[in-house]
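# A structural walkthrough
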Amino acid sequence: MTSLPLISIAIPVYNEEGNIAALYSRLNALSVSLADECRLEFVFSDNSSTDATWSMLESLAAADERVRAIRFSKNFGFQRSIMANYLHTRGDAVLQIDADLQDPPELLKEFLALWKQGYHVVYGVRRSRPEGKVIHTFRKVGYWIIDRISEHPIPRNAGDFRLVDRKVIQALEKQRSAEPYLRGLIAGMGFRQIGVTYDRSARVAGSSKFGVAQLMRLGLTGVFNHSLVPLRLATVAGIVILSLSALGTVYYLVLKLLFPDFPRGLASLHILILFGIGFQSLLLGILGEYLLRIYRILRREPIAIVQDSLNLDSDEIKL
């Protein structure tokens, strides 16, 4: 008799003491409903929470061997937490879900059916989400920009709620980016991928750790990790500025010939100098973002550092 496939549910957490109990209850109920289709393990990555999150995970792990967890030595950021979590899963496929239960874990049933049909990546596409109009518009515009300028298509309105096959995890293990943008990384790998629409729920408890500043940082990571457009834009802009400067030179020479007493433009000279300094600073900033990423790869900075673990042997720690 063929054994049932093992599905790992990967949950990055940070100060989620108000959600752990409800999350575990729903995951446990999900495992009962899927008992004839698959086996489940629950893998938590704690980004050095300052509340009771880790102690709650310790209690769960002591009572349920399916609960596995790693705790980082400091907060390494959300994307790196997901990546580190992926590397510590054992499943034939891995479902990544947030602890706030805005993404329904019960959707795993539909994801699982598509995975069995041969899809390597099944991701959730948010049809609606309970958030303010301003941040919703900001997020929507950001997704559109990243998708438009990326070297490969990145699904819009799709976050990190996805089921990925073990082959995708093995491909991710070979990546060397110290600042991963997993949506773009996985989208650019190929494989058979499909989206499933759903309505996102409100947070069960606690407050979001992802504000506008974090969204902007994540968006910039997506742009600089998966697009050469800023570099090419810098080149094009440089050519345009040089062309305008050449035209301006000709224009002033003609005026000087036609009007010998034409006064020297001290103000225009200052404006041009200041514009040139500002433009060069912008270009240096763009180049610096790419150089920073190259530097981090060469430095071989770890994705995260594991301080403690639960229900994992020492040889299973991969960081």
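Analysis parameters
- Residues numbered from 1 in each chain as written.
- Predicted model: local features only at pLDDT ≥ 70, side-chain atom pairs only at ≥ 80, totals over all residues.
- Heavy atoms only, no water.
- UniProt positions renumbered as here; feature names shortened; annotations may be inferred.
- Helix = DSSP H or I, 4+ residues; strand = E, 2+ residues; numbered from the N terminus.
- Buried < 20%, exposed > 50% of the residue type's maximum accessible area, 1.4 Å probe, protein only.
- Contact = heavy atoms within 4.5 Å.
- Polar contact = N/O pair within 3.5 Å; in protein donor to acceptor, adjacent residues only side chain to side chain.
- Salt bridge = Lys/Arg side-chain N within 4 Å of Asp/Glu carboxyl O.
- Phe/Tyr/Trp six-rings, centres within 6.5 Å; stacked < 30°, edge-to-face > 60°.
- Lys NZ or Arg CZ within 6 Å of the ring centre and 35° of its normal.

With an unreviewed UniProt entry as reference, the protein chain is termed Glycosyltransferase family 2 protein, source organism Luteibacter jiangsuensis. Quoted verbatim from the Subcellular location (unreviewed entry) heading of the UniProt record, the comment on the protein chain is "Membrane".

On to the overall build of the protein chain, then. Helix and strand content of the protein chain: 10 helices and 8 strands. Residue burial in the protein chain is summarised as follows: out of 319 residues, 43% are buried. Partitioning the contacts of the protein chain with sequence separation of at least 6, the portion at a separation of at least 24 is 82%.

Now for the side chain of Glu 41. Note that Glu 41 resides in strand E2 (residues 39-46). Only 2.5 Å separates the side chain of Glu 41 from the side chain of Ser 8, close enough to count as a polar contact. A distance of 3.4 Å separates the side chain of Glu 41 from the side chain of Arg 68, its partner in a polar contact. Excluding anything up to four places from it in sequence, Glu 41 contacts Leu 6, Ile 7, Ser 8, Ile 9, Arg 66, Arg 68, Thr 89, Arg 90 and Gly 91.

Before going further, it helps to spend a moment on unusual backbone geometry. One non-glycine residue, Asn 15, adopts positive backbone phi at about 55°. Along the polypeptide, Asn 15 turns up in the loop between strand E1 (6-13) and helix H1 (20-33). In the Ramachandran plot, Ser 48 falls in the positive-phi region, its phi being about 60° despite a non-glycine side chain. Mapped onto the fold, Ser 48 is located in the loop between E2 and helix H2 (53-63). Looking at Ser 48, the relative accessible area reads 19%, which means it is buried.

To continue, consider the pattern of salt bridges. Note on pairing: side chains with opposite charge can pair once their charged atoms come close. One pass over the full model with this rule turns up 12 salt bridges. Here Asp 103 ties to Arg 200 by a salt bridge, and the two come within 2.7 Å at their closest N and O atoms. One end of the pair, Asp 103, is in the loop between strand E4 (93-96) and helix H4 (108-116); the other, Arg 200, is in the loop between strand E7 (193-199) and helix H8 (212-226), with 97 residues separating them in the sequence. Both residues of the pair, Asp 103 and Arg 200, belong to the buried class. Between Arg 127 and Asp 199 there is a salt bridge, with the nearest N and O atoms lying 3.1 Å from each other. Of the two residues, Arg 127 is situated in strand E5 (residues 121-128) and Asp 199 in strand E7; the sequence distance between them amounts to 72 residues. With a relative accessible area of 39%, Asp 199 lands in the partly exposed category.

What follows deals with the packing of aromatic side chains. Two aromatic rings, taken as a pair, are described by how far apart their centres are and by the angle between their planes. Enumeration according to the criterion identifies 4 aromatic pairs in this entry. In textbook terms, an aromatic cluster arises when at least three aromatic residues are bridged by ring pairs, as seen for Phe 111, Phe 161 and Tyr 198. The ring of Phe 76 carries the charged tip of Lys 74 above its face, separated from the ring centre by 5.1 Å. A cation over a ring is seen here: Arg 192 above Tyr 119, with NZ or CZ 4.2 Å from the ring centre.

Among the secondary structure elements, Tyr 119 is positioned in the loop between H4 and E5. For Tyr 119, a relative accessible area of 18% translates into the label buried. With 75 residues separating them in the primary sequence, Tyr 119 and Ile 194 have C-alpha atoms 7.1 Å apart. A distance of 3.5 Å separates the side chain of Tyr 119 from the side chain of Arg 192, its partner in a polar contact.

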